[in-house]
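# Structural overview for review
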Amino acid sequence: MDKNKLYIIAVDGPAGAGKSTVCSDVAKKLGILHLDTGATYRTFALGLIKKGIDASDSDAIKNILNDINISIEFENNTQIMYLDGVNVNGMIRTNEVSAAASACAVIPEVRLKMVDLQRQTAQKISMIVDGRDICTYVFPDAPYKFYITADVSERAKRRAAQLAEKGIVSDIEQLEKEIAARDHNDMNRKMAPLRIADDAVLIDTTHMTQKEVVDKVLSYIKL
Ligand code: DC
């Protein structure tokens, strides 16, 4: 592959499989950017919460679709999400936003708006893009495609460890339930549900370290 040619590495997988950390490591190694598409749904969901709109009220959401202004910037190679011109990176990782993002992501009009933004963002520079429909819907022609997953119990354990680092004690069974509920939403929505693309490389990370996953992804990239 021509080194100067723009390319996209598309990565799908369920919540908590470690896609984001793996993608940001791969991006650093390759000197490209990492676009986390979940952050676009999270920012939209935060916009709904701020307006007091229920994330599953599709009629209300369709009416205010254009009143929520989201943009993506990269500053020092880090993705910054803006909602109505304000940097909201510090506000989109709460449980409330996670649940609202998963709920509003089933609404086709919301998806089309987010997909449009994601496609525009990846037009000018090579990127590794992670999400739930990147290989199957957003960038079906990407030259590299991966599906990164892990058992639900392992994903809950990893999430608990992340929270513990922030001093938050969590109930693993409860986390498992929340992750399973998000899987259900993501895999059963009508538009662009989460599934393994026929031409994606499947990586089950249940028994792998982060470095092993990064090395495995890199082993497929031929520039
Ligand atoms: O990856 P994440 O947990 O930050 O994503 C938040 C929610 O956004 C997730 O529950 C489903 C939705 N999402 C999606 O539907 N499609 C994507 N490409 C990325 C995320």
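So, a few notes on the structure that sits alongside this text. If you're wondering where the values come from, they're calculated on a predicted model, not measured in any experiment. All residue numbers refer to position in the chain's written sequence, counted from 1. Residue-level local features of this predicted model are given only where pLDDT is at least 70; pairs of side-chain atoms are given and counted only at 80 or more, and the full residue set underlies all totals for whole chains, interfaces and linings. Calculation of side-chain values draws on the structure's entire complement of heavy atoms; hydrogens and water are dropped beforehand.

### Some thoughts on the sheet that holds strand 3 (residues 70–75)
Only when DSSP finds a minimum of two bridges between them are two strands counted as paired. By the criteria applied, helices consist of DSSP H or I runs no shorter than four residues and strands consist of E runs no shorter than two, each listed in order from the N terminus. If you trace the three strands from one edge of the open sheet to the other, you get 3-4-5, paired in antiparallel fashion. Pairing within the sheet leaves two strands with one partner each, and these edge strands are strand 3 and strand 5 (86–87). In terms of strand pairing, strand 3 meets strand 4 (residues 78–83) through six bridges, oriented antiparallel. Counted as the bridge partner of Glu73 is Ile80 from strand 4. Lying over the sheet, helix 2 (residues 38–51) contacts strand 3 and strand 4, oriented at roughly 25° with respect to strand 4. What makes two residues a contact is simply this: any of their non-hydrogen atoms within 4.5 Å. Here the axes come from fitting lines to C-alpha atoms, over the contacting stretch only for helices, and the angles between their N-to-C directions go from 0 to 180 degrees.

### Remarks on the environment of Val201
For Val201, the location among the structural elements is in strand 8 (residues 201–204). Once residues within four sequence positions are removed from consideration, Val201 is found in contact with Lys145, Phe146, Tyr147 and Tyr220.

### Remarks on the environment of Leu48
Within the element layout of this structure, Leu48 appears in helix 2. Note on classification: 1.4 Å probe, protein chains only; a residue is buried when its accessible area is under 20% of the maximum for its type, exposed when over 50%, partly exposed between these limits. By relative accessible area, which is 0% here, Leu48 ends up buried. Expressed as a C-alpha distance, the spacing of Leu48 and Ile68, which sit 20 residues apart in the sequence, is 8.0 Å. If we skip the residues at most four places from it in the chain, Leu48 touches Ile53, Ala55, Ile61, Ile64, Ile68 and Cys104.

### Details of the nonpolar core
As used here, the term nonpolar core means buried Ala, Val, Leu, Ile, Met, Phe, Trp, Tyr and Cys residues forming a set that is joined through side-chain atoms within 4.5 Å. Membership of the largest hydrophobic core comes to 42 residues, with the highest contact counts inside it found for Phe44, Leu48, Ile61, Ile70, Cys104, Val110 and Phe139. The leading source of residues in this core is helix 2, at six residues. Listed in part, the 19 residues of the second largest apolar core include Tyr7, Ala17, Ala27 and Val213.

### Side note on the packing of helix 2 against helix 4 (residues 95–104)
Close contact between helix 2 and helix 4 brings their axes to 8 Å; oriented N to C, the two are set at 105°. Taken as axis vectors, helix 2 and helix 4 run roughly perpendicular relative to one another. Here helix 2 contributes Tyr41, Arg42, Phe44, Ala45, Leu46, Leu48 and Ile49 to the contact with helix 4, which in turn contributes Glu96, Val97, Ser98, Ala100, Ala101 and Cys104. Three classes are used: nonpolar for Ala, Val, Leu, Ile, Met, Phe, Trp, Tyr, Cys and Pro, charged for Asp, Glu, Lys and Arg, and polar for all others, with Gly counted as polar. For the contact of helix 2 with helix 4, the per-class residue count stands at 10 nonpolar, one polar and two charged. In these notes the angle categories are as follows: under 35 degrees is roughly parallel, over 145 is roughly antiparallel, 65 to 115 is roughly perpendicular, and the rest is oblique.

### Digging into the packing of helix 1 (residues 19–30) against helix 9 (residues 210–220)
Axis separation between helix 1 and helix 9 bottoms out at 9 Å; the angle between their running directions is 55°. With respect to each other, helix 1 and helix 9 are oriented oblique. As for the relative orientation of helix 1 and helix 9, their crossing is right-handed in sense. Across from Thr21, Val22, Asp25, Val26, Lys29 and Leu30 in helix 1, the residues of helix 9 making contact are Gln210, Val213, Val214, Val217 and Leu218. Its residues assigned to classes, the contact of helix 1 with helix 9 comprises seven nonpolar, two polar and two charged. Take the far helix as your reference; a near helix turned counterclockwise from it by less than a right angle gives a left-handed crossing, and one turned clockwise gives a right-handed crossing.

### Brief notes about the side chain of Ser102
By the secondary structure assignment, Ser102 is in helix 4. With a relative accessible area of 7%, Ser102 lands in the buried category. Polar contacts involving the side chain of Ser102 include one to the side chain of Asn185, which spans 2.9 Å. Ser102 has contacts with Arg182, Asn185 and Asp186, leaving out every residue within four places of it along the chain. By the criterion applied in these results, polar contacts are pairs of N or O atoms within 3.5 Å in which, for protein atoms, one can donate a hydrogen and the other can accept it, and in which residues neighboring in sequence qualify only through two side-chain atoms.

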